[in-house]
Amino acid sequence: MFFTYVFRELRRRHRQALLTAMGLAVGVALVVAVTAYAAGVGKAQDQVLQSLYGVGTDITVSQQQKMEQGGAQRFGMQPPDESKQGEKFSRSRVMTSPGQQSISSKRLTQIASLDGVSAVTGSLSMSVMSVQGEFAQVQGGSSGAQPSASAQQSGDGSSSQQGQAQMAPIDVSSLSVSGVDTTELALGPLSAAQVSSGRSLTSADAKSKVMLVTKAYAKQNSLSVGDVKKIDGKKFTIVGIVALPAGSTSSDVYIPLSWAQKLSDNANKVNQIYVKADSADDIATVQAEIEKVMPKATVTTSSDLAGQVSGSLSSASTLADRLGKWLAIAALIASFAVASLLTVSAVSRRVREFGTLKALGWKGRRVVGQVLGESMVQGIIGAVIGVGLGILGAKLIAAFSPALEATVASAVQSGPPGMPQAADAAQAVTVNLTAPVSLQLIGVAVGLALAGALIAGAFGGWRASRLRPADALRRVD
Amino acid sequence: MLYRLTEVTKRYTQRRKQIDALDGVDLAIDEGEFLAIQGSTGSGKTTLLQMLGAMDRPSGGKLEFEGHDLVKMGEGDLSELRSHSFGFIFQGFNLIPTLTAQENVETALVPWHVHADERRRRAEEALAGVGLADRARHIPSELSGGEQQRVAIARALVRAPRVILADEPTGNLDERTRDDIIGLLEQLWRERGQTLIVVTHDTWVASRASRRIWLDRGRLGEEPAAAVPGLDARVVAEPALAVAGRL
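The rules behind each value
- Residue numbering note: each chain is counted from 1, following its sequence as written.
- Just so you know, chain letters begin at A and ligand numbers begin at 1, following the order they were written in.
- With the structure being a predicted model, the display of local features is reserved for residues of pLDDT at least 70 and the display and counting of side-chain atom pairs for 80 or more, all residues being used for whole-chain, interface and lining totals.
- With hydrogens and water excluded, all non-hydrogen atoms of the structure serve as input to the side-chain values.
- Only runs of H or I of at least four residues qualify as helices and only runs of E of at least two qualify as strands under DSSP, and these elements are numbered from the N terminus.
- Relative accessible area decides the class of each residue, using a 1.4 Å probe on protein chains only: under 20% of the type maximum gives buried, over 50% gives exposed, and in between gives partly exposed.
- Residue contacts are defined here by distance: any two heavy atoms, one from each residue, within 4.5 Å place the two residues in contact.
- The Shrake-Rupley method, run with a 1.4 Å probe, gives the accessible areas here. Residue values count only the displayed protein chains as cover.
- The rule is short: rings of Phe, Tyr and Trp, with Trp giving its six-membered ring, pair when the centres are within 6.5 Å, and they are stacked under 30 degrees, edge-to-face over 60, tilted in between.
- Charges are assigned to positions over rings by a cutoff of 6 Å between ring centre and Lys NZ or Arg CZ, combined with an angular limit of 35 degrees from the ring normal.
- Take a side-chain nitrogen of Lys or Arg and a carboxyl oxygen of Asp or Glu: if they are within 4 Å of each other, that pair is a salt bridge.
- For our purposes a nonpolar core is just a set of buried Ala, Val, Leu, Ile, Met, Phe, Trp, Tyr and Cys residues, chained together by side-chain atoms within 4.5 Å.
- Buried surface area refers to the total accessible area, computed with a probe of radius 1.4 Å, that the two partners give up upon joining, counted for both partners together.
- Throughout this description, a polar contact denotes any pair of N or O atoms lying within 3.5 Å of each other; where both atoms belong to protein, one of them has to be capable of donating a hydrogen while the other can accept it, and for residues adjacent in sequence the pair is counted only when both atoms sit in side chains.
- Polar here means any residue outside two lists: the nonpolar Ala, Val, Leu, Ile, Met, Phe, Trp, Tyr, Cys and Pro, and the charged Asp, Glu, Lys and Arg; Gly therefore counts as polar.
- Patch rule: a residue counts if its relative accessible area is over 30% and it has no salt bridge; like charges are joined within 9 Å, and nonpolar side chains (Val, Leu, Ile, Met, Phe, Trp, Tyr) within 5 Å.
- Angles shown run from 0 to 180 degrees and are taken between the N-to-C directions of axes, each axis being a line fitted to C-alpha atoms and, for helices, limited to the stretch in contact.
- Under this scheme an angle from 65 to 115 degrees is roughly perpendicular, one under 35 degrees roughly parallel, and one over 145 degrees roughly antiparallel; angles in between are oblique.
- By the definition used in this description, the sense in which the near helix is turned from the far one sets the handedness, with an anticlockwise turn below a right angle giving left-handed and a clockwise turn giving right-handed.
- Note on charges: Lys and Arg go in the positive column, Asp and Glu in the negative column, and His and the chain ends are not counted at all.

A. Molecular detail of the overall build of chain A. Along the backbone of chain A there are 12 helices and 17 strands. Within the span of chain A, comprising 477 residues, buried residues form 47% of the whole. In chain A, the proportion of contacts linking residues at least 24 apart, taken out of those at least 6 apart, comes to 82%. Entry remark: accessible area of chain A is about 22400 Å², with carbon and sulfur atoms responsible for 55%.

This is the structure we're talking about:
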């Protein structure tokens, strides 16, 4: 009887029922679409932050190099004597990333002992610059000639230098290398990496001459798993090819930390520390503690970095946070109000009907139940339509929204020397906006539609139930 | 004694004006009576019927049903009483437009939480009792006025209540259908021995009752027919203004 009555009644006033359901649906659809959009923006932000920062890392610590440190590198391209003129030469030099000062590995232990720290690892980023060519032919002088400083990018990522007519060509190539702690790969530069072929590094590789190569670098240089790549004369076997998120400030290759320290002559040193806090609530405290322990270090949290994100991604995020949230709330309130008004209006038109039922002995709660039942069915219809519209809206957002660009002042990793990615340089990352609709979101949307229906039904039912049968029957339709 | 009303009053406030729908009504009704309540429009007939059917509470006085004062009963108890002791028949039939004749009859059994099969069986029997077995699957809009009122009668009778309360049951029907419906009610009253209380303007309908009372401005009064010799019984029941106009 309950369901028969509910469905017949809804069928009788199907237009109004559909209108009520559509009211709820629009509210729900907006919530779904806006939440999906916000989730997409959040995901894009995460993607940007992960590419810059690594998955699971809450805090990074680096220390800026003093200006007087480092300096120009000399490769000794001048022939030591005239007899060497015209001879072939090959030089390579390993340098830790400019602008970043080495930090003692003891700091890792120190940070690990701080309250709220879950895990700590360090990495050592460095660049290997190789120059090969022939010593210049110098006529009429012993000081030799410097090769031209103007370099032209070649297709394979190396630079070839065209000298003057009498000069032989010189190839300059650079390789960015990161030494990673193979026992803690879940944190640090390789945390976001996905192995596309071969395998990742393991704790057993700590002292081995093995390396991982990024997919882009492997493709550029036709490298594959099993190949051998020389770094400063040492042969490393490629055990895996890894893919890192788009826009990532990744190195070209990754080797065990101990070998990076040996190659760069930085025993027991790192130049980047990655920290994971026990919980998100601990991040600020841990940041403060680290700053206390290492007052000269740059301690950056993911939220610091998120705050530095600018560009269209930032605008989209602001839009989602401010306008989107309030728009969804306003739409939801409006849809609840519309549903309630329509339900109350429907109840008002059925006063005599409910009065008759009460005269027959129906209790108030049974009448409320009947109105609620009708309202809940409208809510279910509204939820189905709303979720459908919301998913459609999310798909349209994903399909038609332009790629978002995020600009972040990078304080994390630097590229090869001489490149513009210095420690304080800005980095631009382009990400495509998605609008993911999770099952959880669908659940929330259905819940909201049913809650709206419940409110509307309870309100309408309450109005119906509080009427005395005599008063209700006295009403003129 | 089934009902005892002592100094029952009912006062409404309408547009800041107080209206005494019932003004000190004293009345006793025995079990098994067929009582007709007559009176002009606005005399308080329907209000009195609603009081007797526990659909409304008096503003003052005492209204006892089987010795229980309805004034002191809570809403829940009144609902319970309505579902067990009273059957209602309305002038406008008051059927649920979306439900079939059978389902409409079943609505009277909903408060009893009867099993669906039992509910259906009883509703079928009730409809057969009013000669509508073959119209059970029709919705009200597919039935004539007389058939709709028969469905309403079946709905009132399906619970075999102690009292049937009918408010102008033939007010919306033509003369022939009126005779059918009153004949049916009279037959059921005779067969079942239930108390039948009918509010009517129709003197012929009232003449079928075992007792008639006349309400005038909320008070029990004398039947005006006695004061207007030569008027037939049917004219007597009509509102005073109509009678005056005809004269």
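B. Main features of the packing of aromatic side chains. In total, this model carries 10 aromatic pairs over all chains according to the counting rule given. Ring geometry for F3 of chain A versus F7 of chain A: centroids 6.5 Å apart, planes at 20°, classification stacked. Here F3 of chain A pairs with F7 of chain A, and both are found in helix α1 (residues 2-12), just four residues apart, close to one helical turn. Assessed through its relative accessible area of 46%, F7 of chain A is described here as partly exposed. One aromatic cluster is present, formed by Y3, F65, F86, F88 and F90 of chain B through successive ring pairs. Here the guanidinium or amino end of K262 of chain A rests over the ring plane of W259 of chain A, the centre of that ring lying 4.3 Å away.

C. Quick look at the pattern of salt bridges. Residue and element names in this part refer to chain B. For the structure on display, the rule yields 28 salt bridges over all chains. A salt bridge links R120 to D117; the shortest N-O distance between them is 3.1 Å. Placement of both R120 and D117 in helix α4 (residues 116-129) is noted, with a separation of three residues, approximately one turn of the helix. For D117, a relative accessible area of 45% corresponds to the partly exposed category.

D. Representation of the nonpolar core within the structure. Counting residues in each nonpolar core, the largest one holds 51 residues, and the members touching the most others are F354 of chain A together with V105, L127, V151 and I153 of chain B. Those residues in contact with V105 of chain B that lie beyond four places of it in its chain are A123, A126, L127, V151, A154, R155 and V158 of chain B. Of all hydrophobic cores here, the second largest spans 39 residues; its members include I103, L223, I273 and I283 of chain A.

E. Just the interface of chain A and chain B, in detail. Taken together, the contact pairs 22 residues of chain A with 28 residues of chain B. Note on chain A versus chain B: buried area summed over both sides is about 2300 Å², and carbon and sulfur give 59% of it. Between the two partners, chain A and chain B, sit four salt bridges. At the surface where chain A touches chain B, the tally comes to 10 residue pairs in polar contact (both at pLDDT 80 or more). Mapped onto the side of chain A that touches chain B, the elements with two or more residues apiece are α1, α9 (351-359) and α12 (469-474) of chain A. For the side of chain A that touches chain B, the element with the most residues is α9 of chain A, which contributes six residues. Partitioned by chemical class, the residues of the side of chain A that touches chain B number nine nonpolar, three polar and 10 charged.

F. Spatial organisation of a nonpolar patch on the surface. All names here are of chain A. Judged by side-chain polarity, L18, M22, V26, I381, L389, L392, L396 and F400 come together as a nonpolar surface patch covering roughly 740 Å² of accessible area. Listing elements by their share of the nonpolar patch, those giving two or more residues are α2 (14-53) and α10 (364-400). Secondary-structure assignment places L389 in helix α10.

G. Quick peek at the packing of α1 of chain A against α10 of chain A. All names here are of chain A. Where α1 contacts α10, the axes come no closer than 9 Å and their chain directions differ by 55°. Judged by the angle between their axes, α1 and α10 are oblique. Read as a crossing pair, α1 and α10 show a hand that is right-handed. The segment α1 lies against α10, with F2, Y5, V6, F7, E9 and L10 engaging R366, G369, Q370, G373, E374, V377 and Q378. Its residues assigned to classes, the contact of α1 with α10 comprises six nonpolar, four polar and three charged.

H. Layout of the environment of G42 of chain B. Residue and element names in this part refer to chain B. Along the chain, the position of G42 falls in the loop between β3 (34-39) and α1 (45-52). The exposure class of G42 is exposed, given its relative accessible area of 68%. C-alpha of G42 to C-alpha of A21: the two residues are 21 residues apart in sequence and 7.6 Å apart in space.

I. Examining the environment of Y3 of chain B more closely. All names here are of chain B. Relative to the helices and strands, Y3 resides in strand β1 (residues 3-14). By relative accessible area, which is 0% here, Y3 ends up buried. Leaving out residues up to four positions away in the same chain, Y3 has contacts with L27, A28, I29, L52, G53, L63, E64, F65, F86, V163 and I197. Here the side chain of Y3 touches L52 through a polar contact of 2.5 Å, landing on its backbone oxygen.

J. Seen up close, the side chain of D69 of chain B. All names here are of chain B. With respect to the helices and strands, D69 occurs in strand β5 (residues 68-69). Despite being buried, D69 has no salt bridge partner; K72 is the closest side chain of opposite charge, sitting 4.3 Å away. A polar contact is formed between the side chain of D69 and the backbone nitrogen of V71, at a distance of 3.1 Å. Each residue touching D69, except ones within four places of it in the same chain, is listed here: K62, L63 and E64.

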